[in-house]
Amino acid sequence: MSSTVTRTQEERRVLAGTLVGTTIEWYDFFIFAQLTATLLAPLFLAPLGASNPGLAQILSFAMIGISFFFRPLGAIVAGHLGDRYGRKRILVLTLILMGAATALIGVLPTYASIGIAAPILLVLLRIIQGFSAGGEWGGAALMAVEHAPTNRRGYFGAYPQIGVPIGMILATGLLYILRVAMSPEAFETWGWRIPFLLSVVLILVGYMIRRAVEESPVFKQLALRKAAEHTPLRELMAKNAKQVVQAALIFISNNAAGYLVIAFFISYTTAVLKMPVAPVLLATTIGSVGWLIFTLVGGWLSDLIGRRSTFVIGYALVFVWMIPMFMLVDSGNIVLYTVAIFVLTVGLGLSYGPQSAMYAEMFPAHVRYSGISIGYALGAILGGAFAATVAQILLESTGSSISIAIYIMALTVISVAAVLWVGETRGRNLHVEEVEGSSEDLKTSH
């Protein structure tokens, strides 16, 4: 009885530890993405914003994307260290690095104070954020899935995933409160710094929770058998490069569609459709609640019907909703906009909840951290990194939002094809016996 209670308590600590880190990571990213859509361009790209607002908006969205190019580097470094020295300590380091970069954005002088140095420093801090984010997700996903009972991996793996909508709820909710509570002049002068500075509190809480979490049992097995790979990246590329490509392609549609919600729609609805900012932020917060719920449902459902089927259902919803969604958004009606976003999050959640479990089941233990981190980071580059930028360019060149819908639909077809290419992974053995072979040789066992 006592061992069962101890195991349950440890499982709760693991779920809390993986959730808090990804929540903080995505809170940081969403604060930046949403302020980029409404404020940071005039503050950090002042001359260009005055002469060519459209180009300034495109470049400000590119600031979101540039950090994604450094995610693979962070994934390589963190994956290498995580496969050699353990998941836990790397997760603590990525958390601190992300928080420090975010807090520094909160004290960064603007273009009016230091000129061209302002956007350069902002890009540098975004690079640090991207580097740390590249290593964060893979470690959190593995800590959750490798601690999970075999028949609950999908549900456990959904916990680091719901850090995305929770981070978004915190970010959009806080921005909504600040915009309602402050005058526009006060918010644009100094109020926008508050969300960045508050990340320090979240980092301290996350650090204390993560320090209390036990190391992954799979890595403990690797350490006991001295099976940790000394050159995991070389081993990964030699035997599991195909799985890295598959992982990247699976993610691109979800990530691109997600970044429309995170960044593009806020700019589009306020700048083009002239909708007020505060109600749009509130609608986005409501949509994030749907994303949270259906991500958990997606993880749970994948334990019942399989990862592949859950992904396909989620992506089918994203595909068929794209054009109706943009028609509702283009109405300029805040209620219809809220409905459009909320329904999209159903498909986003179902195609995001199973991801941690499926990725972990695709790679052998000794290169798993490297494999899932690099696959995730590459998928983020191909999908979300410049989704807002591409959407803005399509809008400027075609004058129609339907072109953006078609772009996401095309990515969705690619992601579904990648899911079908991988096949079903539910129930595969995650333990050290895999070391002798690649994930190509894994057999399904329940």
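A. View of the packing of helix α14 (residues 241-272) against helix α20 (residues 387-398). Where α14 contacts α20, the two axes come as close as 8 Å, and the packing angle between them is 45°. When the interaxial angle is binned, α14 and α20 end up oblique. Note that α14 runs across α20; the crossing there is right-handed. Along the contact surface, α14 presents Ala-256, Tyr-259, Leu-260, Ala-263, Phe-264, Tyr-268 and Val-272, while α20 presents Ala-387, Ala-388, Ala-391, Gln-392 and Leu-395. Tallied by class, the residues present in the contact of α14 with α20 amount to eleven nonpolar, one polar and no charged.

B. Representation of the packing of helix α7 (residues 117-147) against helix α19 (residues 368-382). Two elements in contact, α7 and α19, have axes separated by 8 Å at closest approach and are oriented at 130°. Between α7 and α19, the angle is such that the two are oblique. Here α7 and α19 pass one another in a crossing that is right-handed. The segment α7 lies against α19, with Gly-134, Gly-135, Trp-137, Gly-138, Gly-139, Ala-141, Leu-142 and Glu-146 engaging Arg-368, Tyr-369, Ile-372, Ser-373 and Tyr-376. Residue composition of the contact of α7 with α19, by class: six nonpolar, five polar and two charged.

C. Up close: α20. With twelve residues, α20 should cover 16 Å at 1.5 Å per step; its first-to-last C-alpha distance of 16 Å lies within 8% of that length. Among all positions of α20, only Ala-387, Ala-388, Thr-389, Ala-391, Gln-392 and Leu-395 are buried. Downstream of α20 by a residue or two, Gly-399 has a phi angle that is positive, lying close to 75°.

Basis of the calculations
- Residues numbered from 1 in each chain as written.
- Predicted model: local features only at pLDDT ≥ 70, side-chain atom pairs only at ≥ 80, totals over all residues.
- Heavy atoms only, no water.
- Axes fitted to C-alpha atoms, helices over the stretch in contact; angles between N-to-C directions.
- Helix = DSSP H or I, 4+ residues; strand = E, 2+ residues; numbered from the N terminus.
- Parallel < 35°, antiparallel > 145°, perpendicular 65-115°, else oblique.
- Left-handed = near helix turned anticlockwise from the far one by under 90°.
- Contact = heavy atoms within 4.5 Å.
- Nonpolar A, V, L, I, M, F, W, Y, C, P; charged D, E, K, R; others polar.
- Expected span 1.5 Å × (residues − 1).
- Buried < 20%, exposed > 50% of the residue type's maximum accessible area, 1.4 Å probe, protein only.

Functional significance is not addressed by these values, which are geometric in nature.
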